[in-house]
Amino acid sequence: MSITAVQIKEISLKNFARNGYEGASMSEIAEEVGIKKQSIYTHFKGKDDLFLALCQDAYEHEIKFVMDYIEQNKDLHLKDFLYGLLLQSIARYEKNHSTKFWIRTAFYPPVHLNDQVMHLTYKYLDRSEE
């Protein structure tokens, strides 16, 4: 079975969600995937490239969740709507690596990637407000 970029991203997402950018190790990611560290670079230019790919994926997952939630609950009273959104967001944070990664990254972006991360964060907020 060949290792794909998708498999690398799945393991990396858990690692970044758990340890943050600074604590994530490309060596540990490679070990968990079962490949040599250099093999990651076949799919990603480096740690930043991988991290930003995960940010884009997390943005897409989270905005889809919000849009689906809005569509499914648009007839609720505002108080019930917002309370339900809060409860589902908490549950997603506790169980979903993508949500945990997204929230952690939005609040604590790596300094050198701040502009790219905040661009997606503001895009998410703008789309959510719409």
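Please read all numbers here as calculations on a predicted model, not as lab measurements.

**Q** Help me out: how do you make sense of a nonpolar patch on the surface in this one?
**A** On the surface, Tyr83, Leu86, Leu87 and Ile90 cluster together to form a nonpolar patch covering roughly 390 Å² of accessible area. Assessed through its relative accessible area of 40%, Ile90 is described here as partly exposed.

**Q** Looking at this structure, how should I read the layout of surface pockets?
**A** The probe, sized like a water molecule, is rolled over the atoms to show the empty space still left. Put simply, the largest pocket is a space of about 370 Å³. If you trace the largest pocket, you find 17 residues lining it, with Trp102, Ile103, Tyr124, Leu125 and Ser128 closest to the centre. Going through the elements one at a time, helix H4 (47–73), helix H5 (78–95), helix H6 (97–107) and helix H7 (114–129) are the ones with two or more residues in the lining of the largest pocket. Element by element, the count of residues in the lining of the largest pocket is highest for H6, at 5 residues. Partitioned by chemical class, the residues of the lining of the largest pocket number 11 nonpolar, 4 polar and 2 charged.

**Q** Could you clarify how one ought to interpret the nonpolar core in this entry?
**A** By size, the foremost hydrophobic cluster in this structure holds 31 residues, and its most contacted members are Ile8, Phe16, Ile29, Ile40, Leu50, Phe51 and Phe101. Listed by contribution, the elements that provide at least two residues to this core are helix H1 (5–23), helix H2 (26–33), H4, H6 and H7. Per element, the largest residue contribution to this core is 10 residues, and it comes from H4. Once residues lying within four places of it in the same chain are set aside, the contact partners of Ile29 are Ile8, Ile11, Ser12, Asn15, Phe16 and Ile40.

The rules behind each value
Residues numbered from 1 in each chain as written. Predicted model: local features only at pLDDT ≥ 70, side-chain atom pairs only at ≥ 80, totals over all residues. Heavy atoms only, no water. Patch = residues over 30% accessible without salt bridge, like charges linked within 9 Å, V, L, I, M, F, W, Y side chains within 5 Å. Areas by Shrake-Rupley, 256 points an atom, 1.4 Å probe, with all protein chains shown as cover. Salt bridge = Lys/Arg side-chain N within 4 Å of Asp/Glu carboxyl O. Buried < 20%, exposed > 50% of the residue type's maximum accessible area, 1.4 Å probe, protein only. 1 Å grid on protein atoms, 1.4 Å probe; cavity = no way out; pocket = protein on both sides within 12 Å on 5 of 7 lines; lining within 4 Å. Points joined across faces, edges and corners; volume = space filled by probe spheres on them. Helix = DSSP H or I, 4+ residues; strand = E, 2+ residues; numbered from the N terminus. Nonpolar A, V, L, I, M, F, W, Y, C, P; charged D, E, K, R; others polar. Core = buried A, V, L, I, M, F, W, Y, C linked by side-chain atoms within 4.5 Å. Contact = heavy atoms within 4.5 Å.

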